[in-house]
Amino acid sequence: MTNYRFEDFEPTIDEATGEPDERTKAYFASTSVGFHDPRSTDAALLGRVKRAITDGRKLTAVYADQEFGHGLDSSIPVATFAWFEKLVNVGGGRLVPGHLITWITVRPTHRRRGLLRSLMTTDLAEAKAAGYPFAALTATEGGIYSRFGFGVATWLRSIEVDTSPGFKMVREPDRRVEMCLPSELRELAPKIYDRFMRTSPGAMERQQTYIERATGALNTETGEEDRGVRAALHFDEQGEPDGYVSYKFAGWSKTPPTVDIIDFVAVTDAAYASLWSFLAAIDLSTRVTFGESAEYSPLPWLLTDSRRVKTVASEDNIWIRILDVKAALEARPWYVPGTLTIDIDDSLDLAGGRFTITSDGESAEVTPASDSTPADLGLGIAELGSLYLGGADPVILARAGRIDEQTAGSAVLASAMFSLGRAPYSPNGF
C-alpha cells in the first residue's frame, strides 16, 4: 500500500467561484468512471455536489503516487469511498442511526492491490468505534460484500401492471386523490415520507436525490431538469396529504403505452389503494411500471385479477453489517417471547462471539454467553445481518447450510422471534 495516498474530506464548493473545488471535481470524475456515468456538465456536477453536502457525505479518495505520461492526471483518485449517517427504522418505528456506505469504486488498472479491503475494513472499524450498531450499503455487484460481513436484509421487485380495460379492485378505494404540480412535493414529500418511514421496517431517511427526482428537478440519467414528471396526492379524511406518486409517460414509441413511476409513498393502506386506482385511470396508457415495489406488496390482493401484476425482476436492496451485536439487537423490538443462544463467526473480529437473546415479547436483553453455554444456532455475521430486519427466514438459511441448527427446533423459534410483523421495505438505494 506504500504506492497509494488516502485522504478523507468533505465535498466542498469554492465560495469565490461558486463551483466545486478541484479535489471535489476530481473525486466525482473518478466515481463517474467507476459507475459508467457520462461526464457531467458544470451545472449537473454542481447539483450533485450540493446534494452530497446536504446529505452530509464524507468522502475518501485514494491517489496513486506514480503517474504515467498521457494517463489520467494523478489528482483524479484511483479509488473512492463515502459514508453518511441516516436514521433507519429497525422495527416498531424505532429509529436508529445507521452508517451508510456508498460510492465505492476502484479503477480497473488498480484492482487486486488491496484497496477495497483497506478502505472497507478501516471504515468499519472506525464506524464501530464511533458507536454505530450497524453499517449498511446497496451493492452494484452482489458477490463482493458478504466477505466483509454484509448480509442482504431487504429486497425490491420491479413490476409491470396491466391497466387496460378490465382493471378492477376488489373493494372500491376512497379516491381522495388530486393531481398537483410536482414542485408541491418539495415541501410535502419529505413530511409524508417521514411518516411512512416510521411504519416500515428497513425504511431509512431519504437522500436529497429522491426529493429532486420526485419534483422533476432532476433526471438522474441526464443530471438536468425533467419537465415530463407529473404528480398526485392522496388526502386523509381530515384533508391532510398522506401519500403521493410522481410519474412520467414513457413516450409514444413504447408499446403498450406506459406510465413509469418515479416515486410512490403511501402512509396508509387507503392511500396505497387509491393512488394505484388513480394510476390505472390515466388515459392513453395501459401499463404502469414500478422498479422499487416492495417484495411483499398488497397490490395483487387489491385486484380482482392478480395476474395483472407481473414481477419482471427481484433483487437485493439493503445489505446490513452488524458492528455491535448487543446494541443492534437490543435496539429493535422483539414481538415473540423466548430465549435463543447464537454463536456468531466474524472473520473481521468486529462483532463475533456467543450471545443469549432473552425476549419478553416487547424488547430483548442480549448478554454475552460463555463457551460452555450450548449454542442453539451457529451463523456468520453476514447471516445475522440478513436476519436483523426480519426479512430472511432462519429456517430457509438453515436448509441452505448458511445457519447451523445445533438445537432441534431452534431455527423455527428464531423465525418467530426475529419477525417484525411486517416485511422490511426500503424504497430507496444509496
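Along each chain, the written sequence defines residue order, and numbers are assigned to residues from 1. A pLDDT threshold of at least 70 governs which residues receive local features in this predicted model, and a stricter bar of 80 or more applies before side-chain atom pairs are shown or counted, although totals over entire chains, interfaces and linings include all residues. Values shown for side chains rest on all heavy atoms present in the structure; no hydrogens or waters enter the calculation.

Caption draft 1: Quick look at the overall build of the protein. Secondary structure assignment for the protein yields 11 helices and 19 strands. With the radius of gyration taken over C-alpha atoms, the globule rule is written as 2.2 Å times the number of residues to the power 0.38. Taking 430 residues into account, the globule formula puts the C-alpha radius of gyration at 22 Å, and the protein, at 23 Å, falls close to it. Each principal axis of the C-alpha distribution contributes one length, and for the protein these read about 65 × 65 × 35 Å. Residues counted as buried form 52% of the 430 residues belonging to the protein. The contacts of the protein with a sequence gap of at least 6 include a subset with a gap of at least 24, amounting to 72%. Here, Shrake-Rupley sampling with a 1.4 Å probe gives the accessible areas, and only protein chains in the shown set may cover a residue. Total accessible area computed for the protein in this model is approximately 20,200 Å², and 49% of it derives from carbon and sulfur atoms. A residue counts as positive if it is Lys or Arg and as negative if it is Asp or Glu; His and the chain ends are not included. Charge positions are represented by NZ for Lys, CZ for Arg, CG for Asp and CD for Glu. Separation of charge centres in the protein, based on 44 positive and 60 negative side chains, amounts to 4 Å. Here a strand is any run of E in DSSP of at least two residues, a helix any run of H or I of at least four, and the numbering for each starts at the N terminus. Partly exposed residues are those whose accessible area sits between 20% and 50% of the maximum for their type, while under 20% is buried and over 50% is exposed, using a 1.4 Å probe and protein chains only. Residue contacts are defined here by distance: any two heavy atoms, one from each residue, within 4.5 Å place the two residues in contact.

Caption draft 2: Summary view of unusual backbone geometry. Each neighbour pair has its own omega, and for Thr-255 with Pro-256 the value is -5°, a cis peptide bond. With respect to the secondary-structure elements, Pro-256 resides in the loop between strand 10 (241-249) and strand 11 (258-266). Positive phi, close to 50°, is recorded for Trp-103, a residue that is not glycine. Topologically, Trp-103 is positioned in strand 4 (residues 95-106). Accessibility expressed as a relative area gives 13% for Trp-103, which makes it buried. One non-glycine residue with positive phi stands out, namely Arg-112, at about 60°.

Caption draft 3: Inspection of the sheet that holds strand 11 at higher detail. Strand order across the open sheet formed by 7 strands is 8-9-10-11-12-7-13, with mixed pairing between neighbours. Of all strands in the sheet, those with a lone pairing partner are strand 8 (177-180) and strand 13 (309-316), marking the two edges. Each adjacent strand pair in this sheet contributes to an overall mean axis angle of 25°, direction not counted. Strand pairing is assigned whenever DSSP identifies at least 2 bridges connecting the two strands. With 3 bridges joining them, strand 11 and strand 12 (residues 287-294) adopt parallel strand pairing. Looking across to strand 12, one finds that Val-259 is bridged to Val-288. Where helices are involved, their axes are fitted lines through C-alpha atoms of the stretch in contact, as for all axes, and angles between N-to-C directions lie from 0 to 180°. Its contacts with the sheet put helix 4 (residues 185-197) on strand 9 (229-235), strand 10 and strand 11, and the angle it makes with strand 10 is roughly 120°.

Caption draft 4: Highlighting the nonpolar core. Side-chain atoms within 4.5 Å are what join buried Ala, Val, Leu, Ile, Met, Phe, Trp, Tyr and Cys residues into a set we call a nonpolar core. Membership of the largest hydrophobic core comes to 68 residues, with the highest contact counts inside it found for Met-120, Phe-150, Val-325, Leu-329, Ile-342, Leu-384 and Tyr-388. Top contributing element to this core by residue count: helix 3 (residues 115-129), with 6 residues. Each domain's extent is set by a domain assignment, obtained either automatically or from a database. When residues are assigned to domains, this core turns out to be shared by domain 1 (4-149) and domain 3 (325-417), each giving three or more. Contact partners of Leu-329, with chain neighbours within four places excluded, come to Trp-334, Ile-342, Ile-357, Val-366, Leu-384, Tyr-388 and Phe-418. Judged by nonpolar contacts, the second largest core, of 44 residues, contains Leu-233, Val-259, Trp-276 and Val-288.

Caption draft 5: Expanded view of the packing of helix 1 (residues 22-34) against helix 2 (residues 42-55). Running from N to C, helix 1 and helix 2 cross one another at 100°; their axes reach a closest spacing of 11 Å. Accordingly, the angle class assigned to the pair helix 1 and helix 2 is roughly perpendicular. Mapping the contact onto sequence places Thr-24, Lys-25, Phe-28, Thr-31 and Ser-32 in helix 1 and Leu-45, Arg-48, Val-49 and Ala-52 in helix 2. The residue classification treats Ala, Val, Leu, Ile, Met, Phe, Trp, Tyr, Cys and Pro as nonpolar and Asp, Glu, Lys and Arg as charged. All others, Gly included, are polar. Of the residues contributing to the contact of helix 1 with helix 2, the split by class is 4 nonpolar, 3 polar and 2 charged. Any angle from 65 to 115 degrees is called roughly perpendicular, while one under 35 is roughly parallel, one over 145 is roughly antiparallel, and all others are oblique.

Coordinates in, geometry out; function isn't part of it.
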